[in-house]
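# Breakdown of the fold
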Amino acid sequence: MSALVFGASAGLGRALARELASRGENLVLVARNPEDLAAEAAHLRTVYGATVEWMALDASDPRATEELTELAGAAAIRDLFFPIGMGIEEDDGSLPPATIAALVSANLTSVMAAVSLFLPRLLAANVGNIIGIGSVAALRGRSRNVAYAAAKRGLESYFESLRHRTAASGVRVQFYRLGYLDTQMSFGRHLPFPKASVQAIACTVMRNLGKDVGCMPLPAFWRPVGWALRALPWRIYRRLNF
Amino acid sequence: MDGGVRVASAAVQRPDRHAHFRKHENALPAIPRGAGFSFAAASFGSGAESIEVTAFDRVLDFDTRTGQVEVEAGATLGALFEILAVRGYYLPVQPGHHRITVGGCIAANVHGKNPARDGTFVAQVESVRLFHPHHGCLELSRDKEPALFHATCGGMGLTGIIVAARLRTQRLPGASLRVAHRQVTTIAEGAGLLTEDAARSDLAYGWFDCARRGRAHGRGIVVTGQFVSTRETESTLKLPRSRFSPEARAWLPFSLLNPASIRLVNAAYFWSLRRSSNTIVTLADGLYPTRANELYLSLFGRRGLHECQALVPHANLAEFAARLRDHATRAGACITLTVAKPFNGTSDLIRFDGSGISLAIEMPRSAAADRLLPEVDRLVVDLGGRPNIIKDSRLPRSIFEATYPDCDRFRTILRRWDPQRLFRSELSERLGL
């Protein structure tokens, strides 16, 4: 049995790959840069003795996931992890069309395309986990990340459908709505809420494998924050500058 | 870390992808940073962006045939220890805290528990991968670009960013250390024992009480240890977690150390060691003793401490100790800690090495310390000693130049490699490098 980890060379993807390797799982790592992938694969082999393959693939290219077709047909992959995402500073509703396409591909369509390649085999085997990673940005749309929030909300909807599709099977579909993470993206930035460590998130995800947790905000304090944010009447919400 | 130098707005970035190490021409002044544990301000400076390499923490290869491990610069000594120890290997030269990074050890050419026998960190470096924006990534070793290799090992990060290195490990002779404590009455007596025992010890240092007045001044304990085979268990090879950082060290708003409390702490420490003449300690405690000193270091409070360390020739040590005592009394300074280690190497470029005994002293930051330290500087120069530039955040350029005759050669190599002098820190600006 193998696990496929998208975005495996940095941040949460790296933490998940290390957790999986320490549990003796075989791995296929996917990320953009071959150098980063080779280094991470070498680490997992040297430290954990894991069997690791990797594939360089740019998820912001809508057609790139086609390269996974062969892998989906051949390998005994049972667990799919999608800790990927792409945010852009100037995402205020006026991004050029090509950038929007890349952003939506990296956050939404590449995940949908990849899942569709593997789903028939998982359903046939009646076993497996599909893990989606969303963002608290999808709670309510805001002017600072117009396209990103839309793509992440789309991803939530997609994972809900996927959970419904697999409900009668042994395949578990889980979705984590994450707050700020302590990664290179947030490094040195002062944020209104604390940053969670990727190791802690990875441990929680591992603990929940095989369980029907649905959509789970992480860390847990984001659940009441989410309720409050959604309950805010428009009259107040429109004045918020965040 | 010592509270001596602070920057108002630190520009730090923490890249996590190799794309950062691409050749480009329009780079801004920068300085690499590891765990940020050095006492001197070597990993930051005004006008230079600190590039923290802690996300590059991978162990890329371990060859049991040669015993060589290839590791990225941000890997901590503790992480590497846990990976190597279960395979029966270790690095003989390691500084006292397990959260220090491999890159930092190379850049500062740190020493370990017995420099007289094991040398300094460069002795176990086989090769280094160095990044400089104008040159890209380069492999350096004693055969490939030797001048740059030697300038990078102990080059304080001024040649560029160490991305990865291949290190020489050794067979771990045992899972514990048998440690002997011997009481001595003077620093010179302790130094004699250390020099005698260095060749047959895996660990050799002396601790002295220089806070005492009268005859007890300079009494101390000589600590020597050897690896012993005990039953290995998972727990003996696992290191406890530590959240120590420069900010954590400075959490107390004021110092709790004054002459009275220092004498009390030192007396308690002396008696506790005296009673345990022969003990078995875990590898974690033996290899990383600074972890046990985290509380002591935080007692200096936000204002911090001064540490200075000097390598003094054997022949001049007794005179050095006597004159240090006189100067400390005259200045009214209270020395909290004095640690001696035996050295038996040769210094190259700006590396802290040589033959003699190194004495590290610590004291709270105060007007008395400000009076004492220039006297210590002069004493080091007078007696043919050499200060350690990574330990002393205030070491003046004139003293550095008087004690490192090779510093101009280092400058020449550096300028030939990087005419624009892209990599700079508070340390390099202060010492005119």
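Residues numbered from 1 in each chain as written. Chains lettered and ligands numbered in written order. Predicted model: local features only at pLDDT ≥ 70, side-chain atom pairs only at ≥ 80, totals over all residues.

Turning to the overall build of chain A, a few remarks are in order. When its secondary structure is counted, chain A shows eight helices and seven strands. Radius of gyration (C-alpha) of chain A: 18 Å, near the 18 Å computed for a compact globule of 242 residues. Dimensions of chain A, computed from the C-alpha atoms along their principal axes, are close to 55 × 40 × 35 Å. Residues counted as buried form 43% of the 242 residues belonging to chain A. Taking the contacts inside chain A whose residues are at least 6 apart along the sequence as the reference set, 67% of them involve residues at least 24 apart. (Helix = DSSP H or I, 4+ residues; strand = E, 2+ residues; numbered from the N terminus. Rg over C-alpha atoms; globule rule 2.2 N^0.38 Å. Buried ≥ 20, exposed ≤ 12 C-beta atoms within 10 Å, placed from the backbone. Contact = placed C-beta atoms within 7 Å.)

This paragraph deals with the interface of chain B and chain A. At the interface, 15 residues of chain B touch 14 residues of chain A. Looking at the side of chain B that touches chain A, the elements with two or more residues in it are strand S1 (12-13) and strand S4 (59-63) of chain B. Looking at the side of chain B that touches chain A, the element that brings in the most residues is S4(B), giving four residues. Among the residues making up the side of chain B that touches chain A, the classes are represented as eight nonpolar, two polar and five charged. (Nonpolar A, V, L, I, M, F, W, Y, C, P; charged D, E, K, R; others polar.)

For chain B, per-residue confidence averages 91 on the pLDDT scale, and 97% of positions sit at 70 or higher. As scored by the predictor, the complex reaches a pTM of 0.93 and an ipTM of 0.90. (pLDDT = per-residue confidence, 0-100.)

A few words on the sheet that holds strand S18 (residues 386-387) of chain B. Residue and element names in this part refer to chain B. On the basis of which strands lie adjacent, the open sheet formed by eight strands has the order S14-S11-S13-S12-S16-S17-S15-S18 and antiparallel pairing. One side of each edge strand has no neighbouring strand; the edge strands of this open sheet are strand S14 (278-282) and S18. Pairing analysis gives three bridges linking strand S12 (residues 203-209) to strand S16 (residues 337-344), with the strands arranged antiparallel. Each bridged residue has a counterpart across the sheet, and for Phe208 the counterpart in S16 is Thr338. (Pairing = 2+ DSSP bridges.)

Our focus in this paragraph is the nonpolar core. If you look at the biggest cluster of nonpolar residues, it comprises 127 residues, and the most contacted ones within it are B:Val71, B:Leu80, B:Ile106 and B:Ala165. Ranked by residue count, the leading element in this core is helix H1 (residues 77-85) of chain B, at seven residues. (Core = buried A, V, L, I, M, F, W, Y, C linked by C-beta atoms within 7 Å.)

In this section: the sheet that holds strand S5 (residues 68-72) of chain B. Remark on secondary structure: sheet strands pair via backbone hydrogen bonds, oriented parallel or antiparallel. All names here are of chain B. Pairing is antiparallel across the open sheet formed by five strands, whose spatial order is S4-S5-S9-S7-S8. Two strands in the sheet have a free side with no partner beyond their single neighbour: S4 and strand S8 (136-141). Averaged over all neighbouring strand pairs, the angle between strand axes comes to 10°, with direction disregarded. For strand S7 (residues 125-132) and strand S9 (residues 161-168), the ladder comprises six bridges, and the chain directions are antiparallel. (Axes fitted to C-alpha atoms, helices over the stretch in contact; angles between N-to-C directions.)

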